[in-house]
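# Inside the fold
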Amino acid sequence: MAKHKTSIGGQALMEGIMMKGPKLTATAVRKPDGEIVLKTEDTKKNPVAKIPVVRGMWGFLDSMVCGYNSLMYSADIALQGQEPDKLEQWLNKHFGKKGSDALLTVAGVLGAMLALILFMVLPTMITGFIDRFIPLGSIKAVVEGLLKLTIFFCYLWGVTFVEDVKRLFMYHGAEHKTIACYEAGEDLTVENVRRHSRFHPRCGTSFLFIVIIVSILIFSFVPWTSTFGRVGLKLLLLPLVVGIAYEILKFTGRYENACTKVLASPGLFFQKFTTKEPEDDMIEVAIQAMKAVIPQTREEDKW
């Protein structure tokens, strides 16, 4: 079977993997007793999926919502039969199960806001602070960009020391290997999947890196009227940045030449932090999720 590039993408979960195909989205999670639970649902159609640039932001928001819901679902399955931790016990006691879930949702939103602060607000504030004592002149945008890249690198490096995150990154590797095996036209078996690379050009890590690079270029034209004024303008321009980054990711994922290899190489480098070699039982979970979303014809999921 000829190799082709698929639009099927996934996300690592707690003891599981979510795969999104053109028609179905599947979530496979391994229970504490070893059984794999598989849930499928129709993939939501993006009303602007064919509009260049615009589709990037819509797709990004949809991925965040779908990914968060899948992550919460996987946590419920993976932790079945286990005693809740002290925080969860306290939340359930004082707010009930629904109230506890609502607070966890709020925590997820706050986490997304923290990411915005880390990668958009903090570099600008630090640059503005430095400029007060050491006039940076025309290199302010360069300093801000270097700070943004440094924070991104330190963040990826730091989370690798969290034990639960290590397992998440192993499932991330299983997801990539399984997609690569399918694209190569091979049967989805543990042995076949294991032979493939855990690095993939159409990955969320690569996308985030491209977003940062595009933001550095575009935000270099945003005036420094004030630190907070600049942050506000950057937030307004964020949909444009995400949209352009998506089109670049789509381009690098569709073609293989010297140009696309150069564009994809930094993102593949950062995947050394966000993917790890998976165990066989993790690959089994990825295979189940993948098989559930493969369409009848390969044209349907062509990238």
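My aim in this report is to walk through the structure given alongside it, one point at a time. (Residues numbered from 1 in each chain as written. Predicted model: local features only at pLDDT ≥ 70, side-chain atom pairs only at ≥ 80, totals over all residues. Heavy atoms only, no water.)

### With respect to the overall build of the protein chain
Scanning the protein chain from N- to C-terminus turns up 9 helices and 4 strands. Seen in sequence order, the protein chain has helices and strands lined up from the N terminus as β-β-β-β-α-α-α-α-α-α-α-α-α. A total of 303 residues make up the protein chain; the buried ones form 42% of that total. Entry remark: accessible area of the protein chain is about 16500 Å², with carbon and sulfur atoms responsible for 66%. (Helix = DSSP H or I, 4+ residues; strand = E, 2+ residues; numbered from the N terminus. Buried < 20%, exposed > 50% of the residue type's maximum accessible area, 1.4 Å probe, protein only. Areas by Shrake-Rupley, 256 points an atom, 1.4 Å probe, with all protein chains shown as cover.)

### Quick look at the layout of surface pockets
To find the voids left in a structure, one rolls a probe of water-molecule size over its atoms. Each pocket or cavity is described by its volume, and for the second largest pocket that value is around 410 Å³. If you trace the second largest pocket, you find 20 residues lining it, with Lys 3, Lys 5, Phe 199, Pro 201 and Glu 256 closest to the centre. Breaking the lining of the second largest pocket down by element, the ones donating at least two residues are helix H4 (163-183), helix H7 (227-254) and helix H8 (258-274). With 5 residues, H8 is the single largest residue contributor to the lining of the second largest pocket. Its residues placed into classes, the lining of the second largest pocket shows 7 nonpolar, 7 polar and 6 charged. (1 Å grid on protein atoms, 1.4 Å probe; cavity = no way out; pocket = protein on both sides within 12 Å on 5 of 7 lines; lining within 4 Å. Points joined across faces, edges and corners; volume = space filled by probe spheres on them. Nonpolar A, V, L, I, M, F, W, Y, C, P; charged D, E, K, R; others polar.)

### What to know about the sheet that holds strand E3 (residues 24-30)
Taken in spatial order, the 4 strands make up an open sheet running E1-E2-E3-E4, and their pairing is antiparallel. Of all strands in the sheet, those with a lone pairing partner are strand E1 (9-13) and strand E4 (36-42), marking the two edges. The average angle at which neighbouring strand axes cross in this sheet is 15°, direction not considered. Looking at chain direction, E1 and strand E2 (residues 16-20) are connected through 5 bridges and run antiparallel. Each bridged residue has a counterpart across the sheet, and for Ala 12 the counterpart in E2 is Ile 17. In the packing of helix H9 (residues 280-293) onto the sheet, the strands contacted are E2, E3 and E4, and the crossing angle to E3 comes to about 160°. (Pairing = 2+ DSSP bridges. Axes fitted to C-alpha atoms, helices over the stretch in contact; angles between N-to-C directions. Contact = heavy atoms within 4.5 Å.)

### A closer look at the pattern of salt bridges
Per the counting criterion, the structure on display carries 16 salt bridges. Between Arg 30 and Glu 284 there is a salt bridge; the shortest N-O distance is 3.0 Å. Residue Arg 30 is found in strand E3, and its partner Glu 284 is found in helix H9; the two are separated by 254 residues along the sequence. The salt bridge involving Arg 198 is made with Glu 277; its shortest N-O contact spans 3.7 Å. Placement of Arg 198 in the loop between helix H5 (190-194) and helix H6 (204-219) and of Glu 277 in the loop between H8 and H9 is noted, with a sequence separation of 79 residues between them. Arg 198 sits in the buried class, given a relative accessible area of 16%. (Salt bridge = Lys/Arg side-chain N within 4 Å of Asp/Glu carboxyl O.)

### Brief notes about the packing of aromatic side chains
Under the defined criterion, the tally for this structure stands at 10 aromatic pairs. Residues Phe 153 and Phe 270 carry aromatic rings whose centres are separated by 6.4 Å and whose planes lie at 65° to one another, so their mutual orientation is edge-to-face. Here Phe 153 is found in helix H3 (residues 140-159), whereas its partner Phe 270 is found in helix H8, with 117 residues between them in sequence. Residues Phe 251 and Tyr 255 carry aromatic rings whose centres are separated by 5.4 Å and whose planes lie at 55° to one another, so their mutual orientation is tilted. Looking at Phe 251, the relative accessible area reads 36%, which means it is partly exposed. The class of Tyr 255 is partly exposed, set by a relative accessible area of 41%. The lysine or arginine in question, Arg 202, covers the ring of Trp 303, its NZ or CZ lying 5.1 Å from the ring centre. Over the ring of Trp 303 we find Lys 250; its NZ or CZ atom is 4.5 Å from the centre of that ring. (Phe/Tyr/Trp six-rings, centres within 6.5 Å; stacked < 30°, edge-to-face > 60°. Lys NZ or Arg CZ within 6 Å of the ring centre and 35° of its normal.)

### Quick look at unusual backbone geometry
With phi around 55°, Glu 15 is a residue other than glycine that occupies positive phi space. Within the fold, Glu 15 resides in the loop between E1 and E2. The phi torsion at Val 53 lies on the positive side, around 70°, for a residue other than glycine. On the secondary structure map, Val 53 appears in the loop between E4 and helix H1 (54-78).

### Side note on the pairing of E2
Counting buried positions along E2 yields 5 of 5 residues, so the element is predominantly enclosed. Taking every second residue as pointing to the same face, both faces of E2 are buried, with Gly 16, Met 18 and Lys 20 on one and Ile 17 and Met 19 on the other. Here E1 hands over to E2 after 2 residues, with Glu 15 in that stretch at a positive phi of 55°. Across 5 bridges, E2 lies against E3 in antiparallel orientation. Pairing of Met 18 across the sheet is with Thr 27, part of E3. In textbook terms, the turn of a hairpin is the stretch between consecutive antiparallel strands, and for E2 and E3 this stretch comprises 3 residues.

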